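As a plain string of letters, each chain reads:
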Amino acid sequence: MKAIMEIRGNDTLGALRTFLRTMLEKGVVDALLVPQVVPSGDNVVQTLVRDPEHMETTDPISPVIPVQSATLVANLTGNMPIGENIPRLRLGAVLKSCEIRALIELTKLKQANLDDVVIIGIDCLGTYEVRDYAALTGEGVSLTAEALAAARQGLVVPHGGYQFRAACQMCEFPTPANADIAIGLIGVQNGILLDVKDELAEKLGLSPDAEPAGRAAAVEKLVADRIARRDAVISEFRQRVVDMPSLLAEFSRCIRCYNCMVACPICYCKQCLFQGPTFDHDSDVYYRRAGRQGIIRMPTDTLLFHLTRMNHMVTSCVGCGLCTSACPSQLPVGTIFRAVGQKVQALFDYQPGRRLDEELPLATFREDELTDLGEG
Ligand code: SF4
Ligand code: SF4
Ligand code: SF4
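Conventions adopted
- Residues numbered from 1 in each chain as written.
- Chains lettered and ligands numbered in written order.
- Predicted model: local features only at pLDDT ≥ 70, side-chain atom pairs only at ≥ 80, totals over all residues.
- Heavy atoms only, no water.
- Helix = DSSP H or I, 4+ residues; strand = E, 2+ residues; numbered from the N terminus.
- Rg over C-alpha atoms; globule rule 2.2 N^0.38 Å.
- Contact = heavy atoms within 4.5 Å.
- Areas by Shrake-Rupley, 256 points an atom, 1.4 Å probe, with all protein chains shown as cover.
- Lys, Arg positive; Asp, Glu negative; His and termini not counted.
- Charge placed at Lys NZ, Arg CZ, Asp CG, Glu CD.
- Near = heavy atom within 4 Å.
- Nonpolar A, V, L, I, M, F, W, Y, C, P; charged D, E, K, R; others polar.
- Pairing = 2+ DSSP bridges.
- Axes fitted to C-alpha atoms, helices over the stretch in contact; angles between N-to-C directions.
- Salt bridge = Lys/Arg side-chain N within 4 Å of Asp/Glu carboxyl O.
- Buried < 20%, exposed > 50% of the residue type's maximum accessible area, 1.4 Å probe, protein only.
- Phe/Tyr/Trp six-rings, centres within 6.5 Å; stacked < 30°, edge-to-face > 60°.

Comments concerning the overall build of the chain
Then step 1. When helices and strands are tallied, the chain shows 14 helices and 7 strands.
Then step 2. Relative to the compact-globule value of 21 Å for 376 residues, the chain shows a C-alpha radius of gyration of 22 Å, a close match.
Then step 3. Projected onto its principal axes, the C-alpha coordinates of the chain cover approximately 75 × 55 × 45 Å.
Then step 4. The long-range fraction of contacts in the chain, counting pairs at least 24 apart against all pairs at least 6 apart in sequence, stands at 74%.
Then step 5. Counting every atom, the chain has about 19000 Å² of accessible surface; 53% of that belongs to carbon and sulfur.
Then step 6. For the chain, the separation between the mean place of its 37 positive charges and that of its 46 negative charges on side chains is 4 Å.

Next up, the structure:
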């Protein structure tokens, strides 16, 4: 059901805080995973709130994403202890679209459990790198207020002289799908648009309204611009990377620090192949390799690391770009994974995070699949 939440005194953030607070007070959820401004004011991090009194510094709109919250929801739900005396708590998770899509993938991968989760999706107004967010807020810019003012006019644009993260510039999913409660801001001039599952709408005492005129067109234009940007970036990548040497060159600055893997919501293995004895070689292995080839790059196995990671998870890559943001060598890891992911996902007609009941390509065997590769 669609409803418009009224806001007083142009205070959209205040209205959202009250809405979330009411969810806790009415027992619609027992806890909320919600972004909160840190005491220094220069970052916003997810917090787990059970006491409604702690809603005053929440900022669900903040245009920054220091961590992929799908991983946090997986941590909170994927391994629930079972026992008579352990209460089942209902979690409300405030998430951006890429976080919801990653969460759906993690649920299919049996790393998260959505049974007791209310997904509260919110229009994403783009996100800055953490350092840019800190720099701008340090100068006294209120990025949330700025983003909200633009969104009301149907625009999602960065602060002058700055850019959103590379992944956000080409993200074609600014609005949340598969949410129990979807909060709409783009192209909504008065109030906040809520799209709420009927049973929750009743609990929250909402009555139906029409979607504001102009929202659909604003979202459509934003998505079209993002798709154009995505296609241009991926096309440029495909012209640049055409064979193994050019792929190797792409990763030439990689120091195999594993940051991209740690930041990635889909890389969930507790024990990674690369952090075990298989790649922890004795020194003579390096000397022998160098002896054979005359010279070897150190650290070794960088391309193998990326190809292995890709092989494991690229069908589920949601293009959130947290890997790029985490890379100290400023490698466009997310763009590379998106470019490869686009091809592989198309091959299986699979879109990660689209539907919970859509089977994971790599976990499904179909006899009629990839027949042109011949019989193995
Ligand atoms: S990738 Fe999309 S949903 Fe995720 S933070 Fe960027 S714009 Fe938002
Ligand atoms: S590979 Fe990068 S873009 Fe893809 S899901 Fe992982 S962190 Fe996000
Ligand atoms: S974060 Fe960057 S440098 Fe570190 S392993 Fe990933 S691509 Fe390599």
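Brief notes about the site of ligand 2
Then step 1. Ligand 2 sits among 13 residues. The nearest are Cys264, Cys317, Cys320, Gly321 and Cys323.
Then step 2. Secondary-structure elements contributing two or more residues to the shell around ligand 2 are α12 (302–313) and α13 (322–326).
Then step 3. Among the residues making up the shell around ligand 2, the classes are represented as 10 nonpolar, 2 polar and 1 charged.

Describing the site of ligand 1
Then step 1. The local shell around ligand 1 consists of Lys96, Ser97, Cys98, Cys124, Thr127, Arg165, Cys168 and Cys171.
Then step 2. Each residue belonging to the shell around ligand 1 can be placed in one class, and the counts come to 4 nonpolar, 2 polar and 2 charged.

Quick notes on the sheet that holds strand β3 (residues 44–49)
Then step 1. Taking strand neighbours across the sheet as the criterion, the 7 strands line up as β1-β7-β6-β5-β4-β2-β3 in an open arrangement whose pairing is mixed. Looking at the sheet topology across the chains shown, the edges are occupied by β1 (2–5) and β3. Direction aside, neighbouring strands of the sheet carry axes that sit 25° apart on average.
Then step 2. Where strand β4 (residues 91–95) and strand β5 (residues 117–122) come together, 5 bridges link them in parallel fashion. Bridge pairing links Leu91 to Val117 in β5.
Then step 3. Taken strand by strand, helix α3 (residues 97–108) contacts β4 and β5, and its axis lies near 130° from that of β4.

Regarding the pattern of salt bridges
For side chains bearing opposite charge, pairing can occur when the charged atoms are close.
Then step 1. Following the criterion strictly, the structure yields 17 salt bridges and no others.
Then step 2. Note that Glu172 is salt-bridged to Arg338, the shortest N-O span being 2.9 Å. On the criterion of sequence distance, the pair formed by Glu172 in the loop between α6 (166–169) and β6 (181–184) and Arg338 in helix α14 (residues 333–347) is long-range, its members being 166 residues apart. The pair Glu172 / Arg338 is uniform in exposure class, with both members buried.
Then step 3. Salt bridges here are not isolated pairs; linked through shared partners, they connect Glu172, Arg230, Asp231 and Arg338.

Comments concerning the environment of Ala149
Then step 1. Along the chain, Ala149 falls in helix α5 (residues 143–152).
Then step 2. When the C-alpha positions of Ala149 and Val64 are compared, they lie 17 Å apart, and in sequence the two are 85 residues distant.

A look at the packing of aromatic side chains
Then step 1. For the coordinates displayed, the defined rule picks out 4 aromatic pairs.
Then step 2. Here Tyr258 and Phe305 contribute two aromatic rings whose centre-to-centre distance is 5.1 Å and whose plane-to-plane angle is 70°, an arrangement assigned as edge-to-face. Placement of the pair is Tyr258 in the loop between α9 (244–250) and α10 (259–263) and Phe305 in helix α12, with a sequence separation of 47 residues.
Then step 3. Note on Tyr258: relative accessible area 12%, which makes it buried.
Then step 4. By relative accessible area, Phe305 is classed as buried at 1%.

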